[in-house]
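What the coordinates show
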2 protein chains.
Amino acid sequence: MGILVLGTVALDTVQTPFGKRDALLGGSASHFSMSARLFTDVSLVAVIGKDFPDKHIAFLKNKGIDLTSLAKESGDTFRWQGEYSGDLNTAKTLDTHLGVLATFRPQLTAAQRRFKNVFLANVDPDIQNYLLASMRNSTIVGLDSMNFWIHTKRKSLLRALKKVDIFVANDQEARDLTGQTNLIKAAKSLRSYGPRIVLIKKGEHGVFLQADSCTLLLPAYPTDTVVDPTGAGDTFAGGFMGYLARAGKVNAATLKKAICYGTIAASFNVEGFGLEKTSALARNDLEKRLRVFKRHISI
Amino acid sequence: MGILVLGTVALDTVQTPFGKRDALLGGSASHFSMSARLFTDVSLVAVIGKDFPDKHIAFLKNKGIDLTSLAKESGDTFRWQGEYSGDLNTAKTLDTHLGVLATFRPQLTAAQRRFKNVFLANVDPDIQNYLLASMRNSTIVGLDSMNFWIHTKRKSLLRALKKVDIFVANDQEARDLTGQTNLIKAAKSLRSYGPRIVLIKKGEHGVFLQADSCTLLLPAYPTDTVVDPTGAGDTFAGGFMGYLARAGKVNAATLKKAICYGTIAASFNVEGFGLEKTSALARNDLEKRLRVFKRHISI
């Protein structure tokens, strides 16, 4: 089926108790692609600047990601700098440099406009809305956002939410957007904004999904080597949406499998810096870890 | 089989966004008993003061709890005052008055010394050690503690841990006691202190159990009416240990059922103040909610 992902391609500088890495290939669309590619063809829509290293382009191509709509504009690539300490659950943002993201308007090919599966990864909701308006044929559209947009572009985000099927949020975002501290109430409120499926990511505590057909709860895979959680949520979304795209239908059974694959993909992501672990994954690595995980959670 | 529980019987004053209650019947042993009684006979070991209302004694007796070793001493009953706000995950302790707890040394009957199933609920580890030294025949001993004892009586707590089978801790306690922020590493360290089974309670995020025979992960039951979480951990322990006592053996299969019952019992506890909800429970209420829960977590 293939999936179209709109998001960021970034240069990330990350410090964790395990070390520091400068200008790693990162961004929501990059992390999403690394896990989604294990299930379906991925077409990436993002923007980079003149400073973006050719080696990263080659790396993404080598992973089979379609870069037809990876725009290159004059100006700098989006850069993020962050730091993790303690339980590594929360990043402290040290610096954000929007660069070419500030003026980006995605341009799709005629073929891309007809994609059925679309994921609007974390990026300015104005850009998400712009892309949504270009789509002709979409049947499963997912969206992720972040606190920065919830607080600065709430109206634009709510406009986008009206048109999507699946909203993927972390627990704090769900609380901030709805004003509900209880996550079950927050999920209910979020569904009233438009999406028929709400998935709340709780980091090391797993995920909670609410849909008409089912309520699902899944712990995270218990890994003892959390090196760098950057992009774990995007990696989850890639496994989740990638599997749904491959399955071609959304119901309780496919949603269960999708959150399992998202969870397992995310567990690999946190075990290395940037895309280190997820870029080396094959589908069989997911299946092997999933078998172990199922033993932990089967009641 | 029956279970012996050592802990506190307290008068709790609690404020949450849902209201305030003064001098409620509370304490670790009371909350534990309310869920454990659904599975087995409960013999409670604790101390109260002269100010303890007769109606609470009648209430506990009426629930079938054996109060032979509920000592009444001159002095005040242990009192705790706390407040919850926001997501209600963490209590802010406003006042603690030890009263008769300060000098308590539990005295058991000859029959009680021969109990096979014992739970040392949260109380001074010196008292836990004192009781452990009295036991003649115990085969499944569980222990709970709290940050206050981890910081003020670490040596005594470690001495007790050497002799118990199951350590039930919340996530912050596990981190504080081991110095490990990663919970999988913390559980591993805790097992090296003595207990062959470590169960980490994560509040609204569920539980994580590590034993030789298995690793288990279970989300919390998703309730949208969290009124007062006081005693949720003790209620969990009561369902968990109560079921194990009834089953009469500890293996992967019984541990799975035990964490399910603990989880469901705790979900009722948080839906009312004090013992309001758990004291009204019948075993069938647990079974009904467990069936719903299994649909949410079956993958």
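Our structure's up above, just so we're on the same page.
Here's a quick rundown of the structure. (Residues numbered from 1 in each chain as written. Chains lettered and ligands numbered in written order. Predicted model: local features only at pLDDT ≥ 70, side-chain atom pairs only at ≥ 80, totals over all residues.)

A look at the overall build of chain A
The test is simple: Only runs of H or I of at least four residues qualify as helices and only runs of E of at least two qualify as strands under DSSP, and these elements are numbered from the N terminus. The globule rule is 2.2 Å times the number of residues to the power 0.38, and the radius of gyration it is compared with is taken over C-alpha atoms. Any residue with 12 or fewer other C-beta atoms within 10 Å of its own C-beta is exposed, any with 20 or more is buried, and the rest are partly exposed; the C-beta atoms used are placed from the backbone. Residues are treated as contacting if the C-beta atoms built from their backbones sit within 7 Å of each other.
Along the backbone of chain A there are eleven helices and 13 strands. Computed over its C-alpha atoms, the radius of gyration of chain A comes to 17 Å, within 12% of the 19 Å expected for a compact globule of 299 residues. Over its C-alpha atoms, taken along the principal directions, chain A stretches across nearly 55 × 45 × 35 Å. For chain A, buried positions account for 54% of its 299 residues. Of the contacts made within chain A by residues no fewer than 6 positions apart, 67% connect residues no fewer than 24 positions apart.

Some details on the sheet that holds strand 6 (residues 79-84) of chain B
Residue and element names in this part refer to chain B. For clarity, the threshold we go by: DSSP-based pairing: two strands are paired if at least 2 bridges between them are found. Axis geometry follows a simple rule: fit a line to the C-alpha atoms, using only the stretch in contact for helices, then measure angles between N-to-C directions, giving values from 0 to 180 degrees.
What the four strands build is an open sheet, ordered 3-2-6-7; its pairing is mixed. Looking at which strands have only one partner, the edges of the open sheet turn out to be strand 3 (19-26) and strand 7 (91-97). Across this sheet, the average inter-strand angle for adjacent strands is 15°, counted without regard to direction. In this structure, strand 6 lies alongside strand 7, joined through six bridges in antiparallel fashion.

Concerning the environment of F240 of chain A
All names here are of chain A. Position of F240 relative to the elements: it lies in helix 9 (residues 232-247). A residue is classified by how many C-beta atoms lie within 10 Å of it, and F240, with 32 of them, is buried. Spatially, the C-alpha atom of F240 lies 7.7 Å from that of A36, the residues being 204 residues apart in sequence. For F240, the contacting residues outside a window of four places in its chain are A258, I259, Y261 and G262.

Section: the interface of chain B and chain A
The condition that has to hold: Throughout this entry, Asp, Glu, Lys and Arg are counted as charged residues, while Ala, Val, Leu, Ile, Met, Phe, Trp, Tyr, Cys and Pro are counted as nonpolar. The remaining residues, Gly among them, count as polar.
Counting residues at the interface gives 24 residues for chain B, matched by 24 residues for chain A. Those elements giving two or more residues to the side of chain B that touches chain A turn out to be helix 8 (183-192), strand 13 (215-218), helix 10 (252-269) and helix 11 (283-297) of chain B. Considering each element in turn, the side of chain B that touches chain A owes the most residues, four residues, to strand 13 of chain B. When its residues are assigned to classes, the side of chain B that touches chain A shows eleven nonpolar, seven polar and six charged.

A word on helix 8 of chain B
Residue and element names in this part refer to chain B. Let me state the cut-off plainly: Taking the helix axis as origin, the arc is that swept by the directions to the C-beta atoms.
Within helix 8 the residues assigned to the buried category are L183, A186, A187 and L190. One side of helix 8 holds all its buried residues, which, seen down the axis, span an arc of 100°. The inward-facing, buried residues of helix 8 contact strand 10 (166-170), helix 7 (171-178), strand 11 (197-201) and strand 12 (207-210). The first or second residue beyond helix 8 is G194, which carries a positive phi of 145°.

As for the sheet that holds strand 7 (residues 92-97) of chain A
Residue and element names in this part refer to chain A. The four strands lie next to each other as 3-2-6-7, forming an open sheet whose pairing is mixed. Two strands close off the open sheet at either side, each with one partner strand: strand 3 (19-26) and strand 7. Ignoring which end each strand starts from, the neighbouring axes of this sheet average 15° apart. Sheet topology places strand 2 (residues 10-16) next to strand 6 (residues 79-83); five bridges connect them, and they run parallel. The partner of L11 across the bridge, within strand 6, is R79.

Some remarks on the packing of helix 4 (residues 125-134) of chain A against helix 6 (residues 154-161) of chain A
Relative placement of two packed helices is described by the angle separating their axes and the distance separating the axes. Residue and element names in this part refer to chain A. Spelled out, the test is: Here the word oblique covers every angle except those under 35 degrees (roughly parallel), over 145 (roughly antiparallel) and from 65 to 115 (roughly perpendicular). A crossing counts as left-handed when the near helix is turned anticlockwise from the far one by less than a right angle, and as right-handed when that turn is clockwise.
One way to put it is that helix 4 packs onto helix 6 with a least axis distance of 8 Å and a crossing angle of 30°. Our classification of the angle between helix 4 and helix 6 gives roughly parallel. Note on packing geometry: the crossing formed by helix 4 with helix 6 is left-handed. Across from P125, D126, Q128, N129 and L132 in helix 4, the residues of helix 6 making contact are S156, L157, R159 and A160. A class-by-class count of the residues in the contact of helix 4 with helix 6 yields four nonpolar, three polar and two charged.

Quick look at the pairing of strand 10 (residues 166-170) of chain A
Within a regular strand, the side chains alternate between the two sheet faces. Residues and elements named next belong to chain A. Counting buried positions along strand 10 yields five of five residues, so the element is predominantly enclosed. Of the two faces of strand 10, the one holding I166, V168 and N170 and the one holding F167 and A169 are both buried throughout. In terms of strand pairing, strand 9 (residues 140-144) meets strand 10 through three bridges, oriented parallel. Residue pairing across strands places D144 opposite V168, the latter belonging to strand 10. The pairing of strand 10 with strand 11 (residues 197-201) spans five bridges and is classified as parallel.

Looking at the relation of the copies chain B and chain A
Put simply, the rule reads: The atoms used to superpose the copies are C-alpha atoms, taken from residues with pLDDT of at least 70 in both, and the fit is least squares.
Least-squares fitting of chain B to chain A yields an RMSD of 0.0 Å, with the superposition described by an axial translation of 0.0 Å and a rotation of 180°. When the rotation and shift are considered jointly, the pair of chain copies conforms to a two-fold rotation axis. When the interface residues of chain B are mapped onto chain A, 100% of them again fall at the interface, so both copies present the same face.

Some thoughts on the pairing of strand 7 of chain B
The buried fraction of strand 7 of chain B is low, at zero of seven residues. Counting the residues between successive antiparallel strands, the hairpin from strand 6 of chain B to strand 7 of chain B contains six residues, one of them, G86 of chain B, with a positive phi of roughly 60°.

Examining helix 10 of chain B
Keep this limit in mind: Helices are assigned an expected span. That span is 1.5 Å times one less than the residue count.
In this model helix 10 of chain B runs 26 Å from its N-terminal to its C-terminal C-alpha over 18 residues, within 8% of the 26 Å that 1.5 Å per residue would give. Burial of helix 10 of chain B is extensive: 13 of the 18 residues sit out of reach of the surface.

Concerning the nonpolar core
Burial of nonpolar side chains together is a common tendency in soluble globular proteins. Rules: Note on terminology: a nonpolar core is any set of buried Ala, Val, Leu, Ile, Met, Phe, Trp, Tyr and Cys residues joined through C-beta atoms within 7 Å.
By size, the foremost hydrophobic cluster in this structure holds 198 residues, and its most contacted members are V5 of chain A together with V5 of chain B. Excluding anything up to four places from it in sequence, V5 of chain B contacts A29, F32, S33, A36, V42, L44, V45, F119 and A121 of chain B.

Let's talk about unusual backbone geometry
Positive phi outside glycine occurs at A23 of chain A, with the angle close to 50°. Position of A23 of chain A relative to the elements: it lies in strand 3.

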